Amino acid sequence: MKHLLSIDDVSKDEALAILNLATEMREVNTREVRKLPALNGKVVANLFFEDSTRTRISFEIAAKRLSADVVNFTAKGSSVSKGESLKDTVLTLEAMGVDAFVVRHHHSGAPQKIAASNWSKATIINGGDGTHEHPTQALLDALTMRVRLKGASDSGDLAGVRVLIVGDILHSRVARSNALLLRKLGAIVAFAGPSTLLPRTATTLVDEVYFNLDEALENSFDVVMMLRVQSERMNSSFVPNSVEYTALFGLTDERFENLGGKALIMHPGPMNRGLEIASKVADSDSSAISEQVSNGVAVRMAVLYRLLAQESK
Amino acid sequence: MKSIVIKNATLANGSVTDVLIDQGVVQQLGGSLKGDRVIKGDGLMLLAGFVDLHTHLREPGFEASETVLTGSKAAAVGGYTAIHAMANTNPVADNAAVVEQVHRLGVDAGYVEVRPIGAVTQGLEGNQLADLGLMNKSKAGVTVFSDDGKCVSDALVMRRALEYVKSFGGVIAQHAQEPSLTKNSTMNEGAKALKLGLTGWPAVAEAGIIARDVLLAEATGSRLHICHLSTAEAVDVVRWAKKRGINVTAEVTPHHLLLTEDAIGEYNTVYKVNPPLRTNTDVEAVRAAVADGTIDIVATDHAPHAAESKDCEWGEAAFGMTGLETAAAVVYTTLVKTGLIDWEKFQFIMSTKPAEIGGIAGHGRPIEAGSPANLVLFDPKHEVIVSGNTHSKSQNSPYIGMTLTGKVTHTIYNGRLTVTDGRLVELEGNNA
């Protein structure tokens, strides 16, 4: 595998190899000296055309723990604001010698475009493109599920695990990548959300679709993943208002009580506490939200390692 | 001017004949005719020169993509003898000066008749009517008006435009796209768009505007033309309107007859076009609609774009694809070769009817003594792998690498060869 653009590019074996390598990286991250020399001399460029906290910092820490040199490019304050194209931005950085680009872009398909072009010979890692995919998020979510449901040393798949993803499916790159990866690993995946944000064609992506969250929650899910709902959705007639959204699709204290602690609660962040997820739920023992973030570093170390240190294999 | 005789060519009605052309006119049909220059027509179809009702020539304003001259050359190679230049230039063709300039550039180029289309509204902004009457009275004699690229979405403006052009026999060519339903849309709405994370362009945005506009055409007694119809839903609306007796005509592009959204693959920007490529169901529906007369003509929507407008993110890429040079082969491959239509219908949708809608004299005429010699010879047995070589200034053909059947071997415009043996004739020095 040269690039990581979409979960479509990742076979089940490859996904398990990344997860198992990430399990080793988790162990590295507990050591006193949390550093490996694997990518010594390599340059990883974080090419971020869209705001990000956790993904950018997570990739940066991951690359540094593997001893790579990291440069951070953000569109704000760069020549992009002078109208420089994606092509010229990539050509410029390529000319300075970059081994891998981690690309976060507001346009779906931007990392695919860079990989398919002759602008760069570097490895391209999709750090989230538009409303398309966010493959490393799906990998860290799968790792988090495996650790919590099967134990930290498990090396198997997620066969039979039932996962419900709730919210703005239409605009969620996290939902797409998770649906592809989790099903590849044997999980049963369902979407729930208002029908304006959950198109009829979503049945092509998952096993079950629910337009009523309470009905969905009756179907014994092992994992409930809440998605961020953006305030702009309220302003463009996707849903009437945030109060109604919370009442119908929020993981409220009451709904959480009804789950009886049987489901793992996840959220890719950033959260709107009190909107799609109640604060107490996010901070409960059932919540794996902080572990998702720390597993993110391990998974990105594993991805960088496989693509940059093992690529010649 | 030397006379030309075409030997043993097959006409659309199936008859085989020689045709003598002199002084810009078809002089005689029959056997054993003689002329200064002889063209072997054995196995070739001799048809009325093609007429395109929907071409983007980009001049003035976007000469890096196309000029009237380069677009005219591409048209001639594609078998066209007349083309209609869309109004979305810079400045916009919303006044007599711009349409006269485009018309003049067409005459100077000399490869085809270039008929400017006037904008419906000033600056294509959809608010105030453009100088419709003055463009009609100008030397360009504009009769077709369109804000193509944008929909005349305001119902009152559309109503007024339809009413206004009626007095001088004009037609409004509507780009049917409800803008509120297609904000940020870049491909057909459906499972593929969901998978790629792209905002979908729903069929109802097209069919809804058409439904409104056919009723406006009925209410005003005016003539309406629908540009680049792309969905099965829109076909049904037009079929209903025609049955009701409403004066509406419709066009389909070659690419909507052949390609589906699957061609997009992983964000291949060559296939980004508006209206977007649809599904197999839609392709079958538009083909059937041509066959049953619901769709009247094929128009290319030839939309050249400079390389940098396509070599970028999908979301930043320009909409559009070239099509003048490949149109006849695509139409032959999808409609004639498949048995859906015969040669007379082919000639009708490529020449006769577009000439009638455009109100253009001297084109799309029956091939008989006295007709202006605007003709094309087409070889239906020739298989072509489409290459990137083109007379257009732009390279954004969706067919590069594909095998199509049929090739234009000769084009005759006003009695003069513009294409011979599949190659463009350089006109300098030949004009005398």
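Residues numbered from 1 in each chain as written. Chains lettered and ligands numbered in written order. Predicted model: local features only at pLDDT ≥ 70, side-chain atom pairs only at ≥ 80, totals over all residues. Heavy atoms only, no water.

**As for the domain arrangement of chain B**
Residues and elements named next belong to chain B. Put simply, the rule reads: By convention here, the domain bounds are inherited from an automatic or database domain assignment. In what follows, a contact means two residues having at least one pair of non-hydrogen atoms within 4.5 Å. Throughout, buried area stands for the accessible area (probe radius 1.4 Å) lost by two parts on being put together, summed over both. Definition used for salt bridges: Asp or Glu carboxyl oxygen within 4 Å of a side-chain nitrogen of Lys or Arg. Within 3.5 Å is the distance limit for a polar contact, defined as a pair of N or O atoms, with the added protein rule that one can donate a hydrogen and the other accept it, and that residues adjacent in sequence qualify only through two side-chain atoms. Helix and strand assignments follow DSSP, with helices taken as H or I runs no shorter than four residues and strands as E runs no shorter than two, numbered in order from the N terminus.
For chain B, the domain assignment lists domain 1 (4-45 + 370-424) and domain 2 (49-358). Each partner contributes to the interface: domain 1 provides 31 residues, whereas domain 2 provides 46 residues. Carbon and sulfur atoms supply 64% of the area that domain 1 and domain 2 bury against each other, a total of about 3,000 Å² over both sides. The interface formed by domain 1 and domain 2 contains zero salt bridges. Inspection of the region where domain 1 meets domain 2 yields 19 residue pairs in polar contact (both at pLDDT 80 or more). Mapped onto the side of domain 1 that touches domain 2, the elements with two or more residues apiece are strand E16 (375-385), strand E17 (403-413) and strand E18 (416-420). Here the element with the most residues in the side of domain 1 that touches domain 2 is E17; it accounts for seven residues.

**Considering the interface of chain B and chain A**
We apply this condition: Ten residue types, Ala, Val, Leu, Ile, Met, Phe, Trp, Tyr, Cys and Pro, are classed as nonpolar, four, Asp, Glu, Lys and Arg, as charged, and the remainder, Gly among them, as polar.
In this complex, chain B contributes 16 residues to the contact, which on the side of chain A involves 23 residues. Approximately 1,500 Å² of surface area, both sides summed, lies buried where chain B meets chain A, with 55% of it carried by carbon and sulfur atoms. Counting across the interface, chain B meets chain A through three salt bridges. Put simply, A:Lys87 and B:Asp311 hold a salt bridge, and the shortest N to O gap is 3.1 Å. In this assembly, chain B and chain A are joined by nine residue pairs in polar contact (both at pLDDT 80 or more). Looking at the side of chain B that touches chain A residue by residue, the class counts come to seven nonpolar, three polar and six charged.

**Details of the domain arrangement of chain A**
Residue and element names in this part refer to chain A. Examined at the domain level, chain A breaks down into domain 1 (7-134 + 293-309) and domain 2 (135-288). Each of domain 1 and domain 2 has a C-alpha centre, and these two points are 25 Å apart. Residue-level contacts link 32 residues of domain 1 with 30 residues of domain 2. Around 2,600 Å² of area is buried between domain 1 and domain 2 when both sides are counted, 62% of it from carbon and sulfur atoms.

**Some words on the pairing of strand E10 (residues 171-174) of chain B**
All names here are of chain B. Rule in force here: Here's how the labels work: a residue is buried when its accessible area is under 20% of the maximum for its type, exposed when over 50%, partly exposed in between, all with a 1.4 Å probe on protein chains only. Whether two strands pair comes down to DSSP finding at least two bridges between them. Look down the strands so they point away from you; if going from the first strand over the helix to the second traces a clockwise path, that crossover is right-handed.
Neither face of E10 is left uncovered, since the one carrying Val-171 and Ala-173 and the one carrying Ile-172 and Gln-174 both have all their residues buried. When strand E9 (residues 144-145) meets E10, the two strands line up parallel, connected through two bridges. Across the sheet, residue Val-144 finds its bridge partner in E10, namely Val-171. In terms of handedness, the path from E9 via helix H4 (residues 155-166) over to E10 forms a crossover that is right-handed.

**A closer look at the packing of aromatic side chains**
Spelled out, the test is: Ring pairs are drawn from Phe, Tyr and Trp, using the six-membered ring of Trp, whenever the two centres fall within 6.5 Å, and their geometry is named by plane angle: stacked under 30 degrees, edge-to-face over 60, tilted for the rest. The rule for a charge over a ring is simple: NZ of Lys or CZ of Arg within 6 Å of the ring centre, and within 35 degrees of the ring normal.
Under the definition given, this model contains twelve aromatic pairs over all chains. Between A:Tyr210 and A:Phe221, the ring centres sit 6.2 Å apart and the planes meet at 90°, which makes this aromatic pair edge-to-face. Here A:Tyr210, found in strand E7 (residues 208-210), pairs with A:Phe221, found in the loop between helix H7 (213-217) and strand E8 (223-226); they are eleven residues apart in sequence, far enough to count as distant. Assessed through its relative accessible area of 6%, A:Phe221 is described here as buried. Where B:Tyr332 meets B:Trp343, the ring centres are 5.4 Å apart and the plane angle is 15°; that geometry is what we call stacked. Of the two residues, B:Tyr332 is situated in helix H10 (residues 327-336) and B:Trp343 in helix H11 (residues 343-358); the sequence distance between them amounts to eleven residues. Both residues of the pair, B:Tyr332 and B:Trp343, belong to the buried class. What links up through ring pairs into an aromatic cluster is the set B:Phe50, B:Tyr80, B:Tyr332, B:Trp343, B:Phe346 and B:Phe378. A cation over an aromatic ring shows up here: A:Arg162 above the ring of A:Phe221, its NZ or CZ 4.4 Å from the ring centre. Against the face of B:Phe319 rests B:Lys272, its NZ or CZ located 4.6 Å from the ring centre.

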